[in-house]
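Chain residues, written in single-letter form:
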Amino acid sequence: MIKKTLQELTEKQLSVSELVDSYLKRIDSLNKKLNAFITIDYEGARKRAKELDELIHHENNLNHINKKYPLFGIPVAHKDIYSTKSIETTAASNILKGYIPPYDATAVKRAHDAGAVVLGKLNCDAFAHGATGENSDFGPTKNPYDFTKIPGGSSSGSGAAIASDLCIVASGTDTGGSLRSPASFTNTTAIKPTYGRVSRYGIIAMASSTDSIGHITRTVEDCAQYLSVTAGFDPHDATSSQSPVPDYLEGIDEGVRGMKIGIPKEYMTDGVDAEIRQATEVVIKKYESLGASIVSVSLAHTEYALAVYYIVQPSEISSNLGRFDGIRFGATRDQFGAEAKRRIMIGTYALSTGYYDAYYLKAQKVRTLIIEDFKKAFEKVDVLLAPVSPVMPPKIGEQVNDPLKNYLMDVLVGPANLAGIPSLSVPAGFSSDGMPIGVQIMGNHFDEKTLFKVGYALERELKLYERKPDL
Amino acid sequence: MKTTKTSLTPEEVKRIARLARLPLSQEEIERFTPQLSEVLNYFNKLNEVDTSSVKPTYQSISDENRFQEQKLEADTLSTEEVLKNAKEKKDGYVLTEQVIK
């Protein structure tokens, strides 16, 4: 869709202003139903569109536009934990209501410099704490395929917005599945890049050792194209990687012939919903028919990953949310929602005197074993294929008073974050009652390129992006 | 396999809240006590794993420490921009309550 839109804009079949207006109109008519956006920046988006229209008007060499602005005029929306200069940024929490960042996150700036137009800010679980989108102080986002169900989280608005064509790229973050979960429940595609592949600068921190900055799109190609813009070293983030950024689109259609795809048996247990396992089996068969060899592998410590994740992540949250003192910005700490309070409490407990060794240190040791499992697997296979969610999306409100049950939804996505490896979530099929199912393709550190290749091969076969929700 | 049962008391929850500077209502303390106990109990699963000869991981990407030259950047924020979101300020400073007696 990026490619097609760019073509329409540069061939002047359509102006950026017309394009942006049509998206704003669509958001206007659908956002009340979906609650995907917290802020819609009509004025800023129109102003930016005009600016780009003037630019193209004065540019005779269109190749120049294509080269310098790979996202020329592309309407994007950012998860509301991305700092956006002069656009309110709330982290979907009352504690930050009214906060106007004085600067852009690096990922926002890079998209802007590439020609993107920001339509607004997307709903999410407050501070990205959640797998359902229900922890937003601005109300839950609805699943476009069934308004009574959750769309996945924490990047809930990102998944719903892409599924409903409210923008072309929706940014998000994935600390323990927060991009892959909504992608799998909304028939969309998400990349959780390698840790450090995209700068975390200006993104409101959740768990600093696993926060990954990615996005949701309708197609694998769009996903790859946008990552080419956001990836790369940033002097403002010391953990961002200096390893070179490849051209993710180059060779994306090469197929999977001769590739080895590993199926971790711990991800296909009885604990995973039968329909989700079935959809994954169909995908496995498809890859086999495309010439890949399927290899069964074991990631022996998978069953401990969730406990590790739910110690490490709240520990880092308790530290990161310590900066909310109500003095320099934001309201006082009583304004945190219930989930942020719970996680701050768990983290504070795990790091407190007398408990540190039993919880935090123990978790970081088991984390080493989980990473070793992945290392061994990638000696044998090119990528790993597994379901994203163990369950189909629950009804909104169904499990809000059961934190542990919500945490268990992260069981198949958290391990990639602990290991820092990249993972691509792609549509795999639909359940008998018409809800989307996704699978994830995990790869070795900095091997996003292979993930896009593998994801593209499936997308070309299934063409699930054509199946849109009835809104 | 060692299994220990973790059960927090409302007093412990209050103590943790104080450490975390979180003002909790009585209702929140009562609601969080069983919820947090259940989560902490789940963590005891890790006792099954022998980690006596395992080193902890603090970062998943094996990058080395990186040092940055200290220099003033041209695009740094102005004092006005930095203080824009503070509720109380005076003469380019943030005002707070007195913390040292």
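Each value, and the rule that gives it
- Residues numbered from 1 in each chain as written.
- Chains lettered and ligands numbered in written order.
- Predicted model: local features only at pLDDT ≥ 70, side-chain atom pairs only at ≥ 80, totals over all residues.
- Heavy atoms only, no water.
- UniProt positions renumbered as here; feature names shortened; annotations may be inferred.
- Helix = DSSP H or I, 4+ residues; strand = E, 2+ residues; numbered from the N terminus.
- Rg over C-alpha atoms; globule rule 2.2 N^0.38 Å.
- Buried < 20%, exposed > 50% of the residue type's maximum accessible area, 1.4 Å probe, protein only.
- Contact = heavy atoms within 4.5 Å.
- Areas by Shrake-Rupley, 256 points an atom, 1.4 Å probe, with all protein chains shown as cover.
- Buried area = accessible area lost by both parts, 1.4 Å probe.
- Salt bridge = Lys/Arg side-chain N within 4 Å of Asp/Glu carboxyl O.
- Polar contact = N/O pair within 3.5 Å; in protein donor to acceptor, adjacent residues only side chain to side chain.
- Pairing = 2+ DSSP bridges.
- Axes fitted to C-alpha atoms, helices over the stretch in contact; angles between N-to-C directions.
- Phe/Tyr/Trp six-rings, centres within 6.5 Å; stacked < 30°, edge-to-face > 60°.
- Lys NZ or Arg CZ within 6 Å of the ring centre and 35° of its normal.
- Disulfide = S-S within 2.5 Å.
- Expected span 1.5 Å × (residues − 1).

In the annotation of an unreviewed UniProt entry, the entry for chain B reads Aspartyl/glutamyl-tRNA(Asn/Gln) amidotransferase subunit C, and the organism field reads Candidatus Roizmanbacteria bacterium GW2011_GWC2_41_7. Of chain B, the UniProt comment under Subunit (unreviewed entry) reads exactly: "Heterotrimer of A, B and C subunits." What UniProt records for chain B under Sequence similarities (unreviewed entry) is the sentence "Belongs to the GatC family."

The name given to chain A in an unreviewed UniProt entry is Glutamyl-tRNA(Gln) amidotransferase subunit A, with Candidatus Roizmanbacteria bacterium GW2011_GWA1_41_13 as the source organism. Per UniProt, chain A carries the Sequence similarities (unreviewed entry) text "Belongs to the amidase family. GatA subfamily." What UniProt states about chain A under its Catalytic activity (unreviewed entry) heading is, verbatim, "L-glutamyl-tRNA(Gln) + L-glutamine + ATP + H2O = L-glutaminyl-tRNA(Gln) + L-glutamate + ADP + phosphate + H(+)".

J.: Any details on the overall build of chain A? Residues and values, ideally.
T.: Looking only at helices and strands, one finds 15 helices and 11 strands in chain A. For 471 residues, the compact-globule estimate of 2.2 N^0.38 gives 23 Å, and the C-alpha radius of gyration of chain A, at 21 Å, lies within 12% of that figure. The buried share of chain A, taken over its 471 residues, is 66%. Residue pairs in contact within chain A that sit at least 24 positions apart in sequence constitute 77% of those at least 6 positions apart. Looking at chain A as shown, the accessible area adds up to about 15,800 Å², and 49% of this sits on carbon and sulfur atoms.

J.: Tell me what's going on with the interface of chain A and chain B, and back it up with residues and numbers.
T.: On the side of chain B, 49 residues touch chain A, which itself brings 68 residues to the contact. Buried surface at the junction of chain A and chain B, both sides included, amounts to about 4,900 Å², of which 65% is carbon and sulfur. Ionic pairing is found between Lys341(A) and Glu28(B), a salt bridge with its closest N-O pair at 2.7 Å. On the surface where chain A and chain B come into contact, there are 14 residue pairs in polar contact (both at pLDDT 80 or more).

J.: How would you explain the sheet that holds strand β11 (residues 436-443) of chain A if you had to name every residue and give the values?
T.: All names here are of chain A. Reading across the sheet, the 11 strands line up as β1-β3-β2-β4-β6-β5-β10-β11-β9-β7-β8 and stay open at both edges, with mixed pairing between neighbours. For this open sheet the edge positions go to β1 (37-40) and β8 (293-297), each flanked by a neighbour on one side alone. Averaged over all pairs of adjacent strands, the angle between their axes in this sheet comes to 30°, without regard to strand direction. Two elements, strand β7 (residues 260-264) and strand β9 (residues 383-387), share two bridges in a ladder whose sense is parallel. In the strand pairing of β9, isoleucine 261 is matched with valine 383. Strands in contact with helix α2 (residues 16-34) are β1, β2 (75-79) and β3 (117-122); relative to β3, the strand with the most contacts, it is inclined by about 15°.

J.: Explain the UniProt feature "domain: Amidase" (unreviewed entry) in chain A to me, using residue names and the numbers behind them.
T.: According to UniProt, the feature "domain: Amidase" (unreviewed entry) maps to residues 18-451 of chain A in the numbering used here. Across residues 18-451 of chain A, the secondary structure splits into 37% helix and 14% strand, with the terminal C-alpha atoms separated by 35 Å.

J.: I'd like to hear about the packing of aromatic side chains, residue by residue, with values.
T.: Residues and elements named next belong to chain A. Across all of its chains, the model carries 17 aromatic pairs over all chains by this definition. The interplanar angle of 40° and the centroid separation of 5.5 Å between the aromatic rings of tyrosine 356 and tyrosine 360 together place this pair among those described as tilted. By relative accessible area, tyrosine 360 is classed as buried at 11%. Grouping aromatic residues by their ring pairs yields a cluster made of Tyr99, Phe127, Phe324, Phe329 and Phe336. Lying across the ring of phenylalanine 430, arginine 467 places its NZ or CZ 3.6 Å from the centre.

J.: I'd like a description of the state of the cysteines, backed by residues and values.
T.: Residue and element names in this part refer to chain A. In this structure the tally under the stated criterion is zero disulfides over all chains. There is no disulfide at cysteine 124, and the cysteine sulfur nearest it, in cysteine 167, is 14 Å away. Among the cysteines around cysteine 167, which has no disulfide bond, cysteine 223 carries the closest sulfur, lying 13 Å off. A residue is classified by how much of its surface remains accessible, and cysteine 167, at 2% relative accessible area, is buried.

J.: Mind laying out α2(A), listing which residues take part and the relevant values?
T.: All names here are of chain A. Between its first and last C-alpha atoms α2 spans 25 Å; for 19 residues at 1.5 Å apiece the expected length is 27 Å, and the two agree. Those residues of α2 that sit buried are Val16, Leu19, Val20, Tyr23, Leu24, Ile27, Leu30, Asn31 and Leu34. For α2, the elements touching its buried residues are α1 (2-10), β1, α3 (42-57), β2 and β3.

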